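Coordinate analysis (summary)
One letter stands for each residue in the lines below.
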Amino acid sequence: MTFRFVRSALALMLAATALHVSAQDFPNRAITMVMPYAAGGPGDTITRVFAGAMQKHLGQQIVVDNTAGASGSIGTAKVARARPDGYTLLMIHVSHATNVAMYKGLPYHPVDDFEPIGRATSGPMVIVTRNDFPARNLNEFVAYVKANGPKVSLAHAGVGSASHLCGLMMMNALNVKLNEIPYKGTGPALNDLMGGQVDILCDQTSGTVPSVKGGKIKAYASAGKARLPQLPEVPAIADAGVDGFDINISFGLYAPKGTPKPVLDQLTSALQKSVTDPEVRQRLEAMGISAVSVDQARPEALRNHLKNEIDTLGGLLIKAGVKAN
């Protein structure tokens, strides 16, 4: 047995012992929750809502760190490299599943390099158009889109974004190719939709519902099988006999791989208490999204949700030949 081997083995033992000790008194200092998108957007707001709620239950401050770029992969890689002690967390949505299909040589694997803590939110999608779009109802909308194809412009917030995925799924379900217009974010896309420069946008209710209720754009359908509580008069796309078009954007909380189970259990408990917090639910509902049930705010639920998104939405990107620029 060489000295180098003994030294390496001893280092591993000391590291394991240190993690065990730190898990016993977790948390004893501030926690960082990485939000891999820009400050000020819906994801940032959601992260800050949960950071504020969870720190009440954990008894330590949770600091939000916006490390944005490359569809969330820069901030995600930062968490994957972090010490697995529960003090660096990741709050992320669908890009955690789709980046593996979009980026060649991604420096982490969404399943293998993270410990799931639980789902946090569930956000439906809605199909909206400029106010003078000619269709009078959902059936006419479907017929018009199928008849006019590339003449119809479809805005989205950028390659791999939730609105891009929703648009791809819509075109796939309707078996039609529209004229895709990418933007750098939902805000510019929505502004041009309100101004009549583009025809259609399929995006999260957090950004679209206020504009629909304000009479600035029209809503034709929810992207799924159920109507939206925020817009009960708007039908579901399934009501028009359209199958294979059901998308819901969910934020989930992760820790680096190897984080001790006692630490993960505490974090899951704090998340579960937060999703039932009346203030959290009220703030999310004001954004047009919902906190998940306690049963969904657990590791296995998030793990299953992630794997399903990798298969379905990642598969959608692969089929469309979409790659990051």
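Source: prediction; values computed, not measured.

Across its full length, the protein chain holds eleven helices and twelve strands. Here the C-alpha atoms of the protein chain give a radius of gyration of 21 Å, agreeing with the 20 Å that 2.2 N^0.38 yields for 325 residues. Seen along its three principal axes, the alpha-carbon backbone of the protein chain occupies a region of about 75 × 45 × 30 Å. Sorting the 325 residues of the protein chain into buried and exposed places 52% on the buried side. In the protein chain, 78% of the contacts between residues at least 6 apart in sequence involve partners at least 24 apart. For the protein chain, the exposed surface amounts to about 14400 Å²; the carbon and sulfur share of it is 53%. With 31 positive and 25 negative side-chain charges, the protein chain shows a separation of 4 Å between the mean positions of the two kinds.

The biggest cluster of nonpolar side chains holds 49 residues, and the ones touching the most others in it are Phe50 and Met54. The element contributing the most residues to this core is helix H2 (residues 42-58), with seven residues. The residues touching methionine 54, leaving out its near neighbours within four places in the chain, are Met33, Ile62, Leu253, Leu267, Ala270, Leu271 and Ser274. Core analysis: the second largest hydrophobic core is formed by 36 residues, Leu154, Ala162, Val242 and Ile249 among them.

Right, let's talk about the packing of H2 against helix H10 (residues 278-286) for a bit. Packing of H2 against H10 brings their axes to within 10 Å, and their N-to-C directions diverge by 175°. Judged by the inter-axis angle, H2 sits roughly antiparallel to H10. For the pair H2 and H10, contact is made by Ile46, Val49, Phe50, Ala53 and Lys56 and by Glu279, Val280, Arg283 and Leu284, respectively. Its residues assigned to classes, the contact of H2 with H10 comprises six nonpolar, no polar and three charged.

This next bit is on empty space enclosed by the protein. Across all of its chains, the model carries one cavity of 30 Å³ or more by this definition. One number sums up the size of the largest cavity: a volume of about 60 Å³. Together, Ile92, His93, His96, Ser250, Phe251, Gly252, Tyr254, Leu302, His305, Leu306 and Glu309 line the largest cavity. Listing elements by their share of the lining of the largest cavity, those giving two or more residues are strand S11 (252-256) and helix H11 (299-320).

Moving on, we come to the pattern of salt bridges. Scanning all chains against the criterion turns up 13 salt bridges. Ionic pairing is found between aspartate 132 and arginine 130, a salt bridge with its closest N-O pair at 2.8 Å. The partner of arginine 136 in a salt bridge is glutamate 140, with the nearest N and O atoms 2.5 Å apart. Relative accessible area serves as the criterion here: at 71%, arginine 136 is assigned to the exposed category. Here the residues in one salt-bridge network are Arg29, Arg83 and Asp85, joined through shared partners.

Across the five residues that make up S11, a large majority, five, are buried. Relative to S11, strand S3 (residues 88-92) is paired through three bridges, and the arrangement is antiparallel. Along S11, the bridge assignment pairs methionine 91 with leucine 253.

Definitions and cut-offs
Residues numbered from 1 in each chain as written. Predicted model: local features only at pLDDT ≥ 70, side-chain atom pairs only at ≥ 80, totals over all residues. Heavy atoms only, no water. Helix = DSSP H or I, 4+ residues; strand = E, 2+ residues; numbered from the N terminus. Rg over C-alpha atoms; globule rule 2.2 N^0.38 Å. Buried < 20%, exposed > 50% of the residue type's maximum accessible area, 1.4 Å probe, protein only. Contact = heavy atoms within 4.5 Å. Areas by Shrake-Rupley, 256 points an atom, 1.4 Å probe, with all protein chains shown as cover. Lys, Arg positive; Asp, Glu negative; His and termini not counted. Charge placed at Lys NZ, Arg CZ, Asp CG, Glu CD. Core = buried A, V, L, I, M, F, W, Y, C linked by side-chain atoms within 4.5 Å. Axes fitted to C-alpha atoms, helices over the stretch in contact; angles between N-to-C directions. Parallel < 35°, antiparallel > 145°, perpendicular 65-115°, else oblique. Nonpolar A, V, L, I, M, F, W, Y, C, P; charged D, E, K, R; others polar. 1 Å grid on protein atoms, 1.4 Å probe; cavity = no way out; pocket = protein on both sides within 12 Å on 5 of 7 lines; lining within 4 Å. Points joined across faces, edges and corners; volume = space filled by probe spheres on them. Salt bridge = Lys/Arg side-chain N within 4 Å of Asp/Glu carboxyl O. Pairing = 2+ DSSP bridges.

Spatial relationships are all this shows, so hold off on functional conclusions.
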